[in-house]
Structures are given as C-alpha cells and as structure tokens.
Number of protein chains: 2
Amino acid sequence: MTFTELNTPQRTIMTPGPVEVDPRVLRAMSTPILGQFDPAFTKIMNEVMEMLRQVFKTSNKWAFPVDGTSRSGIEALLCSVIEPGDKVLVPIFGRFGHLLTEICERYGAEVHTIECPWGEVFDQEVVIEEIKKIQPKVTAMVHGETSTGCMQPLELIGAACREMDILFIVDAVASIGGVDIRVDDWFIDGLIGGTQKCLSVPSGMSPITYNHRIERVISARKKVERGISTEEDRKSELDMRHPMVKSNYLDLSMLQDYWGPRRLNHHTEATSMLYALREGLRIVLQEGLEERFDRHAYHERALIAGIEAMGLDLYGERSSKLTTVTCIKVPQGIDPEAVRGMLLDEFGVEIAKSFGPLEGKIWRIGTMGYSCRKENILYTLSALEAVLIRHNAPIKIGQSLQATLDVYSEKYTPNKVTS
Amino acid sequence: MTFTELNTPQRTIMTPGPVEVDPRVLRAMSTPILGQFDPAFTKIMNEVMEMLRQVFKTSNKWAFPVDGTSRSGIEALLCSVIEPGDKVLVPIFGRFGHLLTEICERYGAEVHTIECPWGEVFDQEVVIEEIKKIQPKVTAMVHGETSTGCMQPLELIGAACREMDILFIVDAVASIGGVDIRVDDWFIDGLIGGTQKCLSVPSGMSPITYNHRIERVISARKKVERGISTEEDRKSELDMRHPMVKSNYLDLSMLQDYWGPRRLNHHTEATSMLYALREGLRIVLQEGLEERFDRHAYHERALIAGIEAMGLDLYGERSSKLTTVTCIKVPQGIDPEAVRGMLLDEFGVEIAKSFGPLEGKIWRIGTMGYSCRKENILYTLSALEAVLIRHNAPIKIGQSLQATLDVYSEKYTPNKVTS
C-alpha cells in the first residue's frame, strides 16, 4: 500500500455534525504550535476560557475544553460528580439520553429514567414531578437531541433542581452556538458543548462549564498525581472522605489544576485544536450570539419552506423542533440509503440518517454554523429534488427552490427576523 | 476583553514534547473536513491504521488512535483490560511509571510496584523475577521515561510475560518514531504511542495497538450502546461474564466497532487531527524508520558533544539514555528557572524542567521529530552558552559549538552513523 498526499473530495456537509469548518478556523490550525507552559500559550488558554464564558452565558470560574470528542466532556462531568450508589435521573427523548444513562451506569449510579416518545420532548412539569419523587443527586438531560431533531425547554427544570439542591447537568453538544442557552439564568450547574456542530470547529474537543456547586463535589474527591504531588497535597488527601474519580484522564479535579493558576501538568493541551476552538469562538462572538441564533432560525425557515414545497413531511413535533436539525420522513417505497448515496456520489452533498428506531425512517439535515448558509441550503434542496425524481418519489417538481427563494427574498435584518 | 487574531511568537521548541510540528502536518490540518462516515474518510481511517502497523512494527489487526492526548490512550488500554481485583505489576523508574499505577488503582487493580532510582533503568532479569513472584494479569511499564531521559530494554521482559501468559502493556509515548520499537518481536501485547513527541504531530491523539490476546479480554466485556444496539447485541450481552469497562469514552470494545468494518457510531472522529496524524506517519515512513532512528541518534550525539564541551554534566546512566531526551545537571548556584526564562524570553528557545524529586535539579532537552535538526541544536547550544555566561556559570566558553560542528562535519550517511 502506498500512501499519497492527502486528497479529499469537496463536500457540502449538511449533517447534524460534523459540519463544514469555517475557513478561518482551518487557517488557525496551521499556526506553528507553542509549548504548553509557554506564557504566550497559557494566555491563549485563559482567553479561550473567557470566550467560553461568554458563549455559555455564564460567570462560572470554570469553562474550558476537555481534550476529546464531545462525549469525553459528557463523561468528564458525569464521572467527576457521580459516586457509586448516587441517584441520577435521566429523562430520555432520543439516543443521546440513552448515552447519558450508559455513562452514569458505568460509574455505578442508581439510574432512574423517564422516557417520552422519540420526536417529542417533555412537559417540564412532568420532569419536575419525577425529580420530586426520585430526589436524585443529579438530573442529567439533553438539550438538543440530534437523533430526533427536538429541543427540550430547560429553565423550569433548572429552577426546580436548584430549589431542591439537586445538580442539573445538560448536554448541549448539538445546540451550543446555534440556539440560545443561558447557563446561569436557567440554573444549569454543568453543561457540555460540542465543537463540530454549531461552532464549526473540527471534532476533538469538548468545551464544558460548571459552577461552584459542582466544584464542591469535585474538590472532595481531589487527588494530585504521585510524581508531581507535594507534601501538602498528600496531607490534604488524607482527609479525602469521598472516593477518587475512576478516570484519571477525565478527572475534573485534575483538569482544574491544569487550567487554573497552579498549572499542574496533567495532559499536554491539544494545541492546534485549541487554536481552532479559539478562532471558532471568536467568529461566534464577532457575529454576535443573538445575530447568530437568528441566522440559524432564518436558514432553517428557508430549508423547511423548500422541503414542504417539495411535498415532503417533517418528522417530530413542530413546537419542540431544534432549529439546527431538520428531520424529514422518508417517502413510502423510497430506499433511504440509495438516496443518501446518490446525493453524496453525484452531488457531493452529505445528509444523515438516524439511529435505532428511526434508522431508515427519516433523513436528517443539519443547518449548523458555517454549513448554515444560503448557497448550501439552495444546493442541497436542488440536489435532493433531482435525486428524488431519479428515484421516482412522488414529489412536487420545481417548487422547492421557488419557495426557498421566496423566504430569501424577504428582507432579512439580523436580530430582527420576521417569524 | 477583546480577542484579536491569533498572534503567536516563533519558538524553537527543544522540550521532550510537545515539539515543533512538521510544516507538512500543519498544512494537512487546514484541509476541509469530511463527514465521519463518508467513504473518502473511512478510507483515510484505514490508511492510518495501516501506517500505524508499520510504525509499530506489528501485524496486529488493531492499531488506531484514541481521540485524546497520550494519557487517554494509556487509560484506554489499561481500563479496558483491568477488572477490579486484577493484579498488575508496574516497575517504576520515573514519573510516568507512577502515572501507570495511578490509573490502574483508579480502576480497582491490586497494584504491585518495584522501583529503581530515577536516572536508572531495570535489569530485565530483576523485573522477570518479580513477575514470577507476583504472577500478575498485566505487567505495565514505560519504555522511554521523559522525566529522567532513560530508556528501558523490554524484549526479555516481553518474552517472559508471553511464556507465563501475562499481558505486557508498554507506554511508548516518548519513544515511538524516534527510537526502535518492535511490538511483535518484543512480545508486547498492547502499546501506546504519542503524537506530540517524535511524530511531530500536535497533541490531541494517542495511537495505540494491541493483539488478539488483549482483544479476547476486551471482547468478554463488550457492550453495545442502547439507542444503537441490535436484538443480537442485546442477546450476546446476556452472556457477558465480565464486568463492563467503567469508561464509555475509552472502552476499546466500542472503539473497535467504530474503527472496524461495523463502523458503529461511537464518537465523531477528530477529523483534522486524523489528517495531521496521517501526514505525520507518512513523513516517518517516507524518511524510513531506521533512517529516522539514526537521525535522532546523530543529532543527540551532536548535542551531547556541545553540552559536554561547555563543561556541563549529563544526568542519568549513559548506558540507558533515551536518545530523544538529554538531561543536564543544573550547575551549583545557578537558578534553573531564571536560565529557562531567559532562554525563552531572549532567544525564543524552550527547554524543559523535570518533575517531583528532579524539579530544579536538571534541565531536559528534547531532540524529537521535526525539532531534531541541525539548526535547532546549534541555536539552542549557542543560546544556552550565552545565558549561562550571563548567569556567571562556570562553563568553558567558545568550545560548545566547535565540538558540535566537529560532529556535524563527520560524514553522515543515513542508516550508517559512525558511533
């Protein structure tokens, strides 16, 4: 086998992640690296923390990326908080709710779940009633469920958890940077974001934030590594009354000491990915958070207009739709994978299938970050129409792009989208 | 706080990692990304696996990167193999031996250790005797210990473990791509490499390999995630007689299914980092493994000549010196951090301190990958001499570069270095 230079085809990536990376982010990654304790680099680390606080809408001290893909951030928060036997409540409305339960179970939690049908979200009062009944240490749930394209309202659940002194941990991997999330206002104690979705940064980092309520739990389990620990560290560990976090790599008490002023060596920060994240966050803040959310909603509207004009049906309750993921029911008699394959092979357009009970039943189109732009929406709709015609699907021909262009011809002023 | 464009100073990075990234690798990272299940991308995943096999000198089926920094790969292998109560023997000869014990303990192993003084390595027979005594399930040890600059011979230990049916897991983070490692010939069952050292790829991935002996252990603990598991998966899990791996993110039974033909969604592969790793491995294979090892040894010789001509003393037994890390004793009365600070501030040259008992006692200079080149060696020595003169250190002046140039004026033919 000979290995040629990297040659990749051009793609229009319209999945719910990973999505196209902003060219500015790609350029940032080609910057020569710095050593991890170089003051020029630790300054960049601090800048990223401050940018994350702004994007998360939080004044939390702790906001930094975990060096791994999104689920590393989810696991870092859960495994650092959960001790064996702890009760955790996970309301599930799609695949990634199941992921939360899997992680909690592995770390010895007593996991309680409630489920609602895929394609719907919970009435917050139902979740609050369950929380009152179970009285868990932690309520963990997904905000934007990419598997079903649904978004769960959170603020009442957050307030109820705070009142009952229960920790509220939220997976916002698919929504951060695309729709509004207010960590502090919604009483979220710990939150995990993703890079490869609405931030348009490659996969490989997971930005998280958590407050003093979680820090208190973590600190009681703190352990400094032998080989670098001081006499004082070892003394204070003798008082440790809570079991050590199982994972070393994902132990937030250690990550804190690396991101905090002590700068205690843990891992070697993923330099180029941090450059990427910094540039991705800078783009978000330059665009403006509210402007960015409006842009996502605007292109979603254009996409939906085109899909419905084609005569295709959306999947899921419209009232709980996640702005950044649009799910389409596969028309009767159409081979969903043949359509996806032809879209990719002939047009270079990638859309997604779904998981588990929804596999083969829906297609999912993402409108996230840099992929969420006019030419991508127009091209995807035209490609989808052509491929469906080729597959003899019973669609309305020639109307999709017209409907989408109608939306685009409406005057669009950022931060004041007609809805 | 306003966030400007990324502006980084130019540095000459001569630490034992992270080191300068090869410019070809930096360029590869600026390639637009592909979706994770795009056939053009899964082909790249397969290519990386094959390249890793060649670099690791193994015919193992499994050779792929874990998406995290080096210790994520170490933890992935250890946590996937170790079940609570398992006996693990860790021979320790520096900081990273302690790290292995920390990880094993967290996952419930009964950890046995033997230690030798920092700056030395073990006589293999001593380790083998201990293995015979303890009869562990796993022997885990470091190959190249960056904290002390020592390299442990492994082949006899590997052969003994194989004979006694004990698993042998090796941390080769600091040595892979810089010195010879023969996974199959040395009977290594599982091995972890690092990207940010001799491969000259940024930190953020950890390439690992393991054989069928480890795969057998992992498979008995296999669990497919709810939300994507099939009826068949759930049936076969009923037979699961071994406890599930604690970590989801680092569970190799799941990573296998993602890197293998089933391509079962686990995480979203870190696309740009994989491009980087692919290009880094391609550079290694183009240079040639033996030629690369010789180049590292050649520049090490040039560096040592310069250091000794300056009148500085090396730290550690010369016979067990790791080619890619050179440790220098800080001369009496010299403030080690002031010297490092001036090297960085005035010359843009970064060298490292060490950890724990060696902190403040030695400096460490890395000669790894792309950083391991003539101009870097010459510049570092001239900077070090100037800074030490400035600090009134009792060194021989004007002789260091002459000695190094003498080494460089010897005829150097790759693969045939005069030693």
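Reading the values: the criteria
- Residues numbered from 1 in each chain as written.
- Chains lettered and ligands numbered in written order.
- Predicted model: local features only at pLDDT ≥ 70, side-chain atom pairs only at ≥ 80, totals over all residues.
- Heavy atoms only, no water.
- UniProt positions renumbered as here; feature names shortened; annotations may be inferred.
- Least-squares fit on C-alpha atoms with pLDDT ≥ 70 in both.
- Salt bridge = Lys/Arg side-chain N within 4 Å of Asp/Glu carboxyl O.
- Helix = DSSP H or I, 4+ residues; strand = E, 2+ residues; numbered from the N terminus.
- Buried < 20%, exposed > 50% of the residue type's maximum accessible area, 1.4 Å probe, protein only.
- Phe/Tyr/Trp six-rings, centres within 6.5 Å; stacked < 30°, edge-to-face > 60°.
- Contact = heavy atoms within 4.5 Å.
- Buried area = accessible area lost by both parts, 1.4 Å probe.
- Polar contact = N/O pair within 3.5 Å; in protein donor to acceptor, adjacent residues only side chain to side chain.
- Nonpolar A, V, L, I, M, F, W, Y, C, P; charged D, E, K, R; others polar.
- Expected span 1.5 Å × (residues − 1).
- Pairing = 2+ DSSP bridges.
- Axes fitted to C-alpha atoms, helices over the stretch in contact; angles between N-to-C directions.
- Parallel < 35°, antiparallel > 145°, perpendicular 65-115°, else oblique.
- Left-handed = near helix turned anticlockwise from the far one by under 90°.

The name an unreviewed UniProt entry gives chain A is Alanine--glyoxylate aminotransferase family protein, with Aquibacillus rhizosphaerae as the organism. UniProt's Cofactor (unreviewed entry) comment on chain A is quoted here verbatim: "pyridoxal 5'-phosphate".

A. Expanded view of the relation of the copies chain A and chain B. Under the fitted operation, chain A is carried onto chain B by 0.0 Å of movement along the axis and a turn of 180°, and the coordinates agree to an RMSD of 0.0 Å. The transformation just described matches what one would write down for a two-fold rotation axis. Of the C-alpha atoms belonging to chain A, the one lying closest to the rotation axis is found on A:Gly68, 2.3 Å away.

B. Broad picture of the pattern of salt bridges. Following the criterion strictly, the structure yields 56 salt bridges over all chains and no others. Its salt-bridge partner being A:Glu279, residue A:Arg282 comes within 3.2 Å of it at the nearest N-O pair. Remark: A:Glu279 and A:Arg282 occur in helix H10 (residues 271–287); sequence separation between them is 3 residues, near one turn of the helix. This pair shows no difference in class: A:Arg282 is buried, exactly as A:Glu279 is. Of the charged contacts, one joins B:Arg182 and B:Asp180 as a salt bridge, the two residues approaching to 2.6 Å between their closest N and O atoms.

C. Representation of the packing of aromatic side chains within the structure. This model, assessed by the stated rule, comprises 20 aromatic pairs over all chains. Between A:Trp62 and A:Phe64 the ring centres are 6.2 Å apart and the planes differ by 85°, which places this aromatic pair in the edge-to-face class.

D. Here's a closer look at the interface of chain A and chain B. On the side of chain B, 83 residues touch chain A, which itself brings 82 residues to the contact. Together chain A and chain B conceal approximately 7200 Å² of surface at their shared face, both sides included; 58% is due to carbon and sulfur atoms. Interface area lost by chain A to chain B is led by A:Phe3, A:Leu6 and A:Arg106, which between them contribute 13%. Along the contact surface separating chain A from chain B lie 4 salt bridges. Linking B:Asp38 and A:Arg11 is a salt bridge whose minimum nitrogen-to-oxygen distance equals 2.6 Å. Where chain A packs against chain B, one counts 32 residue pairs in polar contact (both at pLDDT 80 or more). At the level of secondary structure, the elements contributing two or more residues to the side of chain A that touches chain B comprise helix H1 (23–29), helix H2 (39–56), helix H3 (70–81), helix H4 (95–106) and H10 of chain A. Take the side of chain A that touches chain B: its biggest share by element is 8 residues, from H4(A). In the side of chain A that touches chain B, the residues fall into 34 nonpolar, 27 polar and 21 charged.

E. Helix H13 (residues 374–390) of chain B, seen in detail. All names here are of chain B. Its 17 residues give H13 an end-to-end C-alpha distance of 24 Å, which sits within 8% of 24 Å, the value for a rise of 1.5 Å per residue. All buried positions along H13 are accounted for by Asn376, Ile377, Thr380, Leu381, Ala383, Leu384, Glu385, Val387 and Leu388. Just past H13, the residue Asn392 takes up positive phi, approximately 55°.

F. Structural detail: the sheet that holds strand S4 (residues 110–115) of chain A. All names here are of chain A. Spatially, the 7 strands line up as an open sheet ordered S2-S10-S9-S8-S5-S3-S4, and their pairing is mixed. For this open sheet the edge positions go to strand S2 (62–66) and S4, each flanked by a neighbour on one side alone. In this sheet, adjacent strand axes meet at a mean angle of 20° when their direction is disregarded. Of the strand pairs in this sheet, strand S8 (residues 167–172) and strand S9 (residues 190–193) are connected by 4 bridges, and their pairing is parallel. Looking at S9, one finds that Val170 is bridged to Leu191. The sheet strands contacting H4 are strand S3 (87–92), S4, strand S5 (138–142) and S8, and the helix crosses S3 at an angle near 165°.

G. The arrangement of the sheet that holds strand S5 (residues 138–142) of chain B in detail. All names here are of chain B. On the basis of which strands lie adjacent, the open sheet formed by 7 strands has the order S2-S10-S9-S8-S5-S3-S4 and mixed pairing. Pairing within the sheet leaves two strands with one partner each, and these edge strands are strand S2 (62–66) and strand S4 (110–115). The sheet shows a mean angle of 20° between the axes of neighbouring strands, taken without regard to direction. Helix H4 (residues 95–106) contacts strand S3 (87–92), S4, S5 and strand S8 (167–172) of the sheet and is inclined by roughly 165° relative to S3.

H. The packing of helix H12 (residues 336–347) of chain A against helix H13 (residues 374–390) of chain A, seen in detail. All names here are of chain A. In contact at an axis separation of 10 Å, H12 and H13 are set at 120° when each is read in the N-to-C sense. Compared by their axis directions, H12 and H13 come out oblique. At the point where H12 passes H13, the crossing takes the right-handed sense. Where H12 abuts H13, its residues Val339, Met342, Leu343 and Phe347 lie against Tyr379, Ala383, Leu384, Ala386, Val387, Leu388 and Arg390. Residue composition of the contact of H12 with H13, by class: 10 nonpolar, no polar and 1 charged.

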